[in-house]
Structures are given as structure tokens and as C-alpha cells.
Amino acid sequence: KPIVLPDIYYELDKWDLLPQYQDSLMTLVTILNDNPKIVIELASHTDSRASDEYNDQLSQKRAETVVNFLTEKGIQKERLIAKGYGERKPRTLTSTVIKDGYTFPSGTVITEEFVLSIKDLKRREVAYQLNRRTEFSVIKKNFK
């Protein structure tokens, strides 16, 4: 089951890692240092705007940005798999999320239909941003 990295969001059409989110990744660095035999997949996602091909490329760049950050912190690149999923895996909220003053209840699936049903344009943009994320999953526990 993928784990959403806390508070790592991307601006629309961007893949750079904003400075305010680097602290969240330091927690992942600690986890990887404490568990030197695990290999993880870093799965990045986009919102539903733009073409499938473009979103696949954009999400791959996002995943690679996180891999680059982790390797700069001393994590072996062979333990990190960057995978962009574009918009194919909309986020399902596993807990209630409050972002920018808007509440999204647990269980909400942030599909394109859901987002487009939101009349308040600022709330809609926050919902889009919830899909622009990176998650990690443990792939192997026997790295040598």
C-alpha cells in the first residue's frame, strides 16, 4: 500500500521540489538510513489536466526529482525506483484532509469528475493539487 509523503505537493505544470517540502523528505531519508535493506518505489502523480502522454512525462520528472534529492542525501540510487503514473491513479484520501481552509473527508476519491463538480474555483484548485503528489512503497526488503 503506497504511503503518501507528507506535504509534498507540486505547482501546476512543475516538477521542481519546493524548499518547504524538503523537510518532509528528510523523514524518508531517516527511514531509508534506518532500514538499509529496503528498496522503494517513488510514485509521482499529476492532476487530470493535460494529455495522458504529457502527464506521464511530468509525473516521471517529479519522481526523478525526489530520487535526485534522496541520492544527494546519501541514499544509494539502486534502492530507489522512480515511476510516473500521470493521472491514472487518482488519490483516495485515507483520512480527512484540511488544506488551505478546505476540508476533504476521508474516503474521497479525487477523480476528475469529483474535482469538476466543485463550484468554488479556489477549492477546486486545492483538490487538483491533492493529486499532484509523490508516494512511496517498499518494493523489496533484501537489498544487498
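Every value quoted in this text rests on a predicted model; they were computed, and no experiment measured them.

A. Quick peek at the overall build of the protein chain. Along the backbone of the protein chain there are 4 helices and 6 strands. Reading the protein chain from its N end, one meets helices and strands in the order β-α-β-α-β-β-β-α-α-β. The C-alpha atoms of the protein chain give a radius of gyration of 15 Å, which matches the 15 Å a tight globule of 144 residues would have. Along the longest, intermediate and shortest principal axes, the C-alpha atoms of the protein chain span 50 × 30 × 25 Å. Across the 144 residues of the protein chain, 44% fall into the buried class. Partitioning the intrachain contacts of the protein chain with sequence separation of at least 6 by distance along the chain shows that 66% fall at a separation of at least 24.

B. Spotlight on the nonpolar core. If you look at the biggest cluster of nonpolar residues, it comprises 31 residues, and the most contacted ones within it are Leu28, Leu32, Ile40, Leu42, Leu70, Leu80 and Phe104. Every element with two or more residues in this core is listed here: β1 (3–9), α1 (22–34), β2 (39–44), α2 (52–72), β5 (102–104) and α4 (121–131). Setting aside residues no more than four positions away along its own chain, isoleucine 40 makes contact with Leu28, Leu32, Arg79, Leu80, Ile81, Phe136, Ser137, Val138 and Ile139.

C. Inspection of the side chain of aspartate 47 at higher detail. By the element assignment, aspartate 47 lies in the loop between β2 and α2. At a separation of 2.9 Å, a polar atom in the side chain of aspartate 47 contacts the side chain of arginine 49. Among the polar contacts listed, one links the side chain of aspartate 47 to the side chain of arginine 132, at a separation of 2.8 Å. With residues near it in sequence (within four places) discarded, aspartate 47 still touches Leu12, Asn55, Glu87, Tyr128, Asn131 and Arg132.

D. Representation of the packing of aromatic side chains. Scanning all chains against the criterion turns up 0 aromatic pairs. Between lysine 61 and the ring centre of tryptophan 15, over which it is positioned, the NZ or CZ distance is 4.2 Å. Looking at lysine 83, its charged tip hangs above the ring of tyrosine 85, at a distance of 5.4 Å from the centre.

E. A look at unusual backbone geometry. For alanine 50, which is not a glycine, the phi torsion comes out positive at approximately 80°. Tracing the backbone shows alanine 50 in the loop between β2 and α2. Alanine 50 sits in the partly exposed class, given a relative accessible area of 48%. Its identity as a non-glycine residue notwithstanding, aspartate 100 has a phi of 55°, on the positive side. Residue placement: aspartate 100 occurs in the loop between β4 (97–99) and β5.

F. A look at the pattern of salt bridges. One pass over the full model with this rule turns up 7 salt bridges. The shortest N-O distance in the salt bridge between arginine 88 and aspartate 56 comes to 2.5 Å. You can see arginine 88 sitting in the loop between β3 (80–84) and β4 and its partner aspartate 56 sitting in helix α2, a full 32 residues away along the chain. Between arginine 132 and glutamate 125 there is a salt bridge, with the nearest N and O atoms lying 3.4 Å from each other. Classification of glutamate 125 as partly exposed rests on a relative accessible area of 30%. Taken together, the shared-partner salt bridges in this structure form one network comprising Asp47, Arg49, Glu125 and Arg132.

Analysis parameters
- Residues numbered from 1 in each chain as written.
- Predicted model: local features only at pLDDT ≥ 70, side-chain atom pairs only at ≥ 80, totals over all residues.
- Heavy atoms only, no water.
- Helix = DSSP H or I, 4+ residues; strand = E, 2+ residues; numbered from the N terminus.
- Rg over C-alpha atoms; globule rule 2.2 N^0.38 Å.
- Buried < 20%, exposed > 50% of the residue type's maximum accessible area, 1.4 Å probe, protein only.
- Contact = heavy atoms within 4.5 Å.
- Core = buried A, V, L, I, M, F, W, Y, C linked by side-chain atoms within 4.5 Å.
- Polar contact = N/O pair within 3.5 Å; in protein donor to acceptor, adjacent residues only side chain to side chain.
- Phe/Tyr/Trp six-rings, centres within 6.5 Å; stacked < 30°, edge-to-face > 60°.
- Lys NZ or Arg CZ within 6 Å of the ring centre and 35° of its normal.
- Salt bridge = Lys/Arg side-chain N within 4 Å of Asp/Glu carboxyl O.

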